[in-house]
Structure formats: structure tokens, C-alpha cells
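A structural walkthrough
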Amino acid sequence: IAGSQNVAKCLGRGPRQMEDPDLLTEVPDVLKRLARVVARAFYTNVDVVVVDALVHHTCVKEEDLIELLYLERRIVSRAVVSLKKDKLVKTMTRSEVTGPDGKTHKYSYHFINYRSVRESTFLSRIETIFRTMWMQLYTHLSMW
């Protein structure tokens, strides 16, 4: 789920190619705030900065993300891999023709998968409830 109009422009997709169920036409502010809160709760500071940049810019080329954050490539790549591992960030690769010689280069575009943010929040809430119930049961049984 990402702002499909911005992602479509970013990835060069037309309206007929927007059949991906993970894309919404507009990202609600609630989901943007939720993504930021989830990042701050479960991830490192660098990961939080990357999430903030992706929330603000919707879809960012990896080179632009590096320039935007003033961080080294390996640090940004490590953060993106960490976020991709948890399915919080999605990456699309696109070949683009650059320069007059007609050479093509592959560029990676990153954007937040808001569906995953919502699901991870739901699952972590359920896990917290079960952990609390288990601790209450354990303390109750240890009193016997």
C-alpha cells in the first residue's frame, strides 16, 4: 500500500498498470503516523530516519535517499534490508536509459508497504495481550 499516484509517477506506470493490490490511491495520515510509530518502537535510529524519509517522499530512488539523508550507501542499504526483511519497505527495480549513448542502468525505488505496517501492529498488539495474560497466569499459579 503506497500512494499509487506518486509511486506510479516514480516507477513510470500508467493507470492501466496499477493493478497491484498493495497500492492505494491515497495514503491516510493515520497510516503515515502509524508507520512512524512502529519504526520508533521496533527499529534502530537509522531505520527510523529511512522510514521518515519514505513517509515524507512516498517513493524514493536509492541514490536520492542516500543524498537526502547524508549517510553512507552501506548504512542506508543495511537499513533498507532490515526494513525489507520485515516487509515494512518494498523495492521496485527499474531500468532507465541514461545519457546519449543509450546505456541502461537499473535503479531501485523504495516505498513503504502500509499493509504490512498495519498487520505488524495488529500482531504485536495480540502478542502483547497474550504475554500480559501469560504473566498474570504465571504469577497467579506461583502464589499457590
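Attention here is on the structure that accompanies the text. Every chain begins its residue count from 1, and numbering advances along the sequence as written. Two thresholds apply to this predicted model, a pLDDT of at least 70 for residue-level local features and 80 or more for giving and counting side-chain atom pairs, whereas whole-chain, interface and lining totals are computed over all residues. Just so you know, side-chain values use all the structure's heavy atoms and leave hydrogens and water out.

Remarks on the packing of helix 3 (residues 45–57) against helix 4 (residues 62–69)
- Each axis is a line fitted through C-alpha atoms, taken for helices only over the stretch in contact, and angles between the N-to-C directions span 0 to 180 degrees. In this description a helix means any DSSP run of H or I spanning at least four residues, a strand means any run of E spanning at least two, and both kinds are numbered starting from the N terminus. Across the interface, helix 3 lies against helix 4 with an axial gap of 11 Å and an inter-helix angle of 115°. Viewed along their axes, helix 3 and helix 4 adopt a mutual orientation that is roughly perpendicular. Of the two possible hands of crossing, helix 3 and helix 4 adopt the one that is right-handed. Across the interface between the two elements, V49, V50, A53 and H57 from helix 3 touch L65, L68 and L69 from helix 4.
- Within the contact of helix 3 with helix 4, the residues separate by chemical class into 6 nonpolar, 1 polar and no charged. Oblique is the label for any angle not under 35 degrees, not over 145, and not in the 65 to 115 range, which are roughly parallel, roughly antiparallel and roughly perpendicular in turn. In this scheme the handedness of a crossing depends on how the near helix is turned from the far one: anticlockwise by less than a right angle means left-handed, clockwise means right-handed. By definition in these notes, contact holds between two residues if any of their heavy atoms fall within 4.5 Å. Note that Gly is not counted as nonpolar here; it falls among the polar residues with everything else outside the nonpolar set of Ala, Val, Leu, Ile, Met, Phe, Trp, Tyr, Cys and Pro and the charged set of Asp, Glu, Lys and Arg.

A few points about the sheet that holds strand 1 (residues 59–61)
- An order of 1-3-2 is seen for the 3 strands of this open sheet, with the pairing classed as antiparallel. Every interior strand has two partners, whereas the edge strands, strand 1 and strand 2 (89–98), have only one. Recorded for the sheet is a direction-independent mean angle of 30° between the axes of neighbouring strands.
- We call two strands paired when DSSP finds no fewer than two bridges between them. Here strand 2 runs beside strand 3 (residues 103–112); their pairing, made up of 10 bridges, is antiparallel. Within strand 3, the position partnered with S95 by the bridge is K106.

Some remarks on helix 5 (residues 73–85)
- One fewer than the residue count of a helix, multiplied by 1.5 Å, yields its expected span. Its 13 residues place the ends of helix 5 18 Å apart at the C-alpha level, agreeing with the 18 Å of an ideal helix rising 1.5 Å per residue.
- Those residues of helix 5 not exposed but buried are V76, A79, V80 and L83. Angularly, the buried residues of helix 5 cover 100° about the axis, an arc narrow enough to put them on a single face. In helix 5, those exposed residues whose orientation departs by more than 90 degrees from the buried face are R74, R78, V81 and K85.
- Those residues of helix 5 that are buried are in contact with helix 3, helix 4, strand 2 and strand 3.
- Directly beyond the C-terminal end of helix 5, a positive phi value near 60° is found at K87. Exposed residues in this analysis have more than 50% of their type's maximum accessible area, buried residues have under 20%, and partly exposed residues fall in between, with area computed by a 1.4 Å probe over protein chains only. Working definition: the arc comes from the directions between the helix axis and the C-beta atoms, pointing outward to the latter.

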